[in-house]
Each structure stands twice: as C-alpha cells, then as structure tokens.
Amino acid sequence: MTRMVFKAFLKKYFGADYQGMIRTPVICLPVFLGLSRADFRIQIAPFILYLTVTVFTGRAMWQDLSSEDHAADWQNMCMLPFDERTLVCSYGIVLGAYTFLTKTAVLLAVLLAVSDRSRAEVLGSIFCAVFAILMTSLLFFRRKGGYFLYAQEVKGRQTVKSHTHFLVWYYFGRYMKTHKNYLTNTAVMWCVACVLPLFFRAVEKVFVIPVGFAILSVNTPLGILLSCDSALEQAVRFLPGQKRRFLVPYALFIFFCNMTANSIFLCSWQIQMGGITGRMVAAAACFALLSAFFSVLLEWFCPIRGWETESDLWHHPRKYVVPAVMLLLAVGLAGF
C-alpha cells in the first residue's frame, strides 16, 4: 500500500515516466558550465551560503505544501483505504524531492558556479536543503493536520462562488486576503524598496533610479492571476464583455501596487540622500504603468501552462521578462 501511494505521488509530480527527474539536470548542467567558465566570481561566506540555501528551500517547500491546486488529487487519495501517516509521509517525501530537484538544485548550480567551494561546503549545502525540507514539512503538518488539502478544496469552492456576484476590484482584494503568501511577497518588495537606496549610494542617481524601478517590478504573484486560476481564465476569455471588464482593472491593480513600491523607493532615497525631482516621480509612474501593461499582456497572450504546483508559477522564467524589458528601458534612458 505504501509503495502504491508513493508511486502515485511520484507520477503526479514527475510525470508518468518520471521525466521530470531528468529535466532538472538538463537545465542545471548548462547553467553551471556557462557560469563557471565565465570570468565572474564572488566571495560567499559559508554561513551566508548555508543560510541562503536553507531559507530558499524552506520557503519553496512551504509554498508547495500550501498550494491549493492539487486539492482534488488529495481528496481522491483520501477516499482510498490508506492511513493518514502513510499519505502524509509519502506526500512529504515526494514533494520534498520535487522541491529540491526543481528549485534548490538550480540555486545550488548558480551559487557553486560563481564561487569557489570545497566538497565539505557542497555537502553542507545539501544537508541544509534536506534539513529545511524536513523541518518545513514537520511544522506544516503539525499546524495544518493530515486532511488540510481537502479543507482547502472546500474553501476554494466557496470563495469562487462568492466572487461571481461582486466587482473585479473586490475580487482582487479578496484574492489577496485569502492568499497570504501574495501579501507577504508584496510586503517584501516594499521592504526591498526601503533598503534599495543603501546599495546604490556610489552610483549616479540618474542611472540607478530607473534600475530600481525595474528591480521592483519583480512581483511574481500579481502577474499570474490568470495562469493560476484556469476557471477564471476561461470565464474572462469566453464570457461576453469580460475581457475589457477584467483586464483594464487588472492592469490598474498592478499599476497601483507597482507605483506604491516605486513611491516607497523614492521616499527612502529622498530621506537618505535627497535630490528627488518631478521628472523622477513621472518616471516612476511611467515604469509602473509600462510594467503593468506588459504583465497583463503576457498573461493574456502567453499564460503559463503545464505547471504542477503554485511554486512552479512563482519560479517560472517568465517572471524575468518584464523586469528585463524595464531594465533595458532604464539603460536606454540613462544612455540618452
């Protein structure tokens, strides 16, 4: 029975033929070789390396565990004659392996390629990742209980049903309220906006302030609302008049969040160094509007498909498209 449950979870996350286990080495090997051969090295203290790996892996594991998108599969498993301990242990082991292979392995490939590490430090990094997975799983299951995913499914249905009769803006507010990790990510970006001027003291502000706007546009959750909710996407695409009614408020919502982060960044710069002008405020509004426009454009024409957990959406390479465009724009404005 235990082997059957384990194989069922393996096939869900890694595919019917376990091709997902091969995909990560195919990605990590070129990344490691390309960065290691480049003339780029940074000094990373062992403590910082271990802390980075632990925090990153723990956050990714918690996000995977909190995902509501596999609630239906868990509900079906709960209907089979398996004990709770078997389900939880098998699920935690497979999801931990999935988190390590699809997310932590990529981070380790980058960190080990750009810094000189001993064999003991490599093994220590892997140990920190495994420790983070185990501790996160233990804390999560002790807090949520065994049948937490079934409860999420029921709650999700009630939430979607209650949103059908309210305005789009109210939907955004309710969605952010029920997805605490979205609010946390936005709050983290605002904290980054506060401390970002500290790292740009030695750089000319005419160049670095637009770069700051580009960095602050990396707010992944706001740009995946359609990709993470297939029912919402189908309603927006196929119901009459929903395209304009949803996409325009969606763009304004992202603009408001981006503009808030840019305003915090400008206020922090003014407090620490001063010299903020009206042109910089206008640039903040332009960058916020353009990043919102491009984010909605990507969601409409290039939604993310084939993902397994919500964490896959957060770490999808598409998250860097809009910041890259904004960064190119910032460099172009500086050169002009």
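1. Some points on the overall build of the protein
- For the protein, the count of helices and strands is 15 helices and zero strands.
- A buried classification covers 43% of the 336 residues belonging to the protein.
- Put simply, 85% of the contacts in the protein that link residues at least 6 apart link residues at least 24 apart.
- For the protein, the computed accessible surface area is about 18,400 Å², with 69% contributed by carbon and sulfur atoms.

2. Points about empty space enclosed by the protein
- Applying the stated criterion across every chain, the model contains two cavities of 30 Å³ or more.
- Approximately 210 Å³ is the volume attributed to the largest cavity.
- Forming the walls of the largest cavity are 19 residues, and the residues nearest its centre are Asn219, Thr220, Gly223, Ser295 and Lys319.
- For the lining of the largest cavity, the secondary-structure elements that each account for two or more residues are helix 12 (242-272), helix 13 (278-301) and helix 15 (321-335).

3. A short note on the pattern of salt bridges
- The full count for this structure, using the stated rule, is four salt bridges.
- The residue Arg318 makes a salt bridge to Glu299 at a minimum N-O spacing of 2.9 Å. Linking Arg318 in the loop between helix 14 (310-314) and helix 15 with Glu299 in helix 13, this pair joins segments that are 19 residues apart in sequence. Taken as a pair, Arg318 and Glu299 share a single burial class, namely buried.
- Salt bridges sharing partners connect three or more residues here, namely Glu233, Arg237 and Arg305.

4. Some remarks on the environment of Phe294
- Its place among the elements puts Phe294 in helix 13.
- Here Phe294 falls in the partly exposed class, since its relative accessible area comes to 27%.
- For the pair formed by Phe294 and Pro323, sequence separation is 29 residues and the distance between their alpha carbons is 9.8 Å.
- If near-sequence neighbours (up to four positions away) are discounted, Phe294 is found in contact with Val322, Val325 and Met326.

5. Topic: the nonpolar core
- In terms of nonpolar packing, the biggest core is built from 25 residues, with Phe172, Tyr182, Leu226, Phe246, Tyr250 and Leu313 touching the most fellow members.
- Elements with a contribution of two residues or more to this core: helix 8 (168-178), helix 11 (230-238), helix 12, helix 13 and helix 14.
- Sorting elements by how many residues they give to this core places helix 12 first, with six residues.
- Those residues in contact with Phe172 that sit more than four places away from it in its chain are Leu225, Phe246, Pro249, Tyr250 and Phe253.
- In terms of nonpolar packing, the next biggest core, distinct from the first, is built from 23 residues, Ala193, Leu196, Phe200 and Trp269 among them.

6. Brief notes about the side chain of Ser291
- Within the secondary structure, Ser291 sits in helix 13.
- Judged by its relative accessible area of 2%, Ser291 is buried.
- For Ser291, the side chain forms a polar contact with the side chain of Asn258, separated by 2.8 Å.
- A polar atom in the side chain of Ser291 sits 2.9 Å from the backbone oxygen of Phe287.
- Each residue touching Ser291, except ones within four places of it in the same chain, is listed here: Ser217, Asn258, Val322 and Met326.

7. Concerning a nonpolar patch on the surface
- On the surface, Phe127, Phe131, Met135, Leu138 and Leu139 cluster together to form a nonpolar patch covering roughly 510 Å² of accessible area.
- One can find Leu139 in helix 6 (residues 119-144).

8. Considerations on the confidence of the model for the protein
- The share of residues in the protein with pLDDT of 70 or more is 83%, and the mean pLDDT across the chain is 78.
- Across the protein, helix 13 holds the top mean pLDDT of 90, while helix 7 (residues 148-163) sits lowest at 44.

9. Description of the packing of helix 8 against helix 12
- The interhelical angle for the contact between helix 8 and helix 12, taken along N-to-C directions, is 55 degrees, at an axis separation of 9 Å. By the criterion of interaxial angle, the relationship of helix 8 to helix 12 is oblique. Considering only the axes of helix 8 and helix 12, their crossing is right-handed. Touching Val168, Trp169, Phe172 and Met176 of helix 8 are Arg245, Phe246, Pro249, Tyr250, Leu252 and Phe253, all from helix 12.
- Residue composition of the contact of helix 8 with helix 12, by class: nine nonpolar, no polar and one charged.

10. Some details on helix 9 (residues 180-199)
- With 20 residues, helix 9 should reach 28 Å at 1.5 Å per residue; the first-to-last C-alpha distance of 29 Å fits that figure.
- Of all the bends in helix 9, the greatest reaches close to 35 degrees and is centred on Ala193; the proline Pro197 follows between one and four positions later.
- Among the residues of helix 9, those classed as buried are Tyr182, Asn185, Thr186, Met189, Ala193, Leu196 and Pro197.

Analysis parameters
Residues numbered from 1 in each chain as written. Predicted model: local features only at pLDDT ≥ 70, side-chain atom pairs only at ≥ 80, totals over all residues. Heavy atoms only, no water. Helix = DSSP H or I, 4+ residues; strand = E, 2+ residues; numbered from the N terminus. Buried < 20%, exposed > 50% of the residue type's maximum accessible area, 1.4 Å probe, protein only. Contact = heavy atoms within 4.5 Å. Areas by Shrake-Rupley, 256 points an atom, 1.4 Å probe, with all protein chains shown as cover. 1 Å grid on protein atoms, 1.4 Å probe; cavity = no way out; pocket = protein on both sides within 12 Å on 5 of 7 lines; lining within 4 Å. Points joined across faces, edges and corners; volume = space filled by probe spheres on them. Salt bridge = Lys/Arg side-chain N within 4 Å of Asp/Glu carboxyl O. Core = buried A, V, L, I, M, F, W, Y, C linked by side-chain atoms within 4.5 Å. Polar contact = N/O pair within 3.5 Å; in protein donor to acceptor, adjacent residues only side chain to side chain. Patch = residues over 30% accessible without salt bridge, like charges linked within 9 Å, V, L, I, M, F, W, Y side chains within 5 Å. pLDDT = per-residue confidence, 0-100. Axes fitted to C-alpha atoms, helices over the stretch in contact; angles between N-to-C directions. Parallel < 35°, antiparallel > 145°, perpendicular 65-115°, else oblique. Left-handed = near helix turned anticlockwise from the far one by under 90°. Nonpolar A, V, L, I, M, F, W, Y, C, P; charged D, E, K, R; others polar. Expected span 1.5 Å × (residues − 1). Bend = angle between axes of the 7 residues up to and from the residue.

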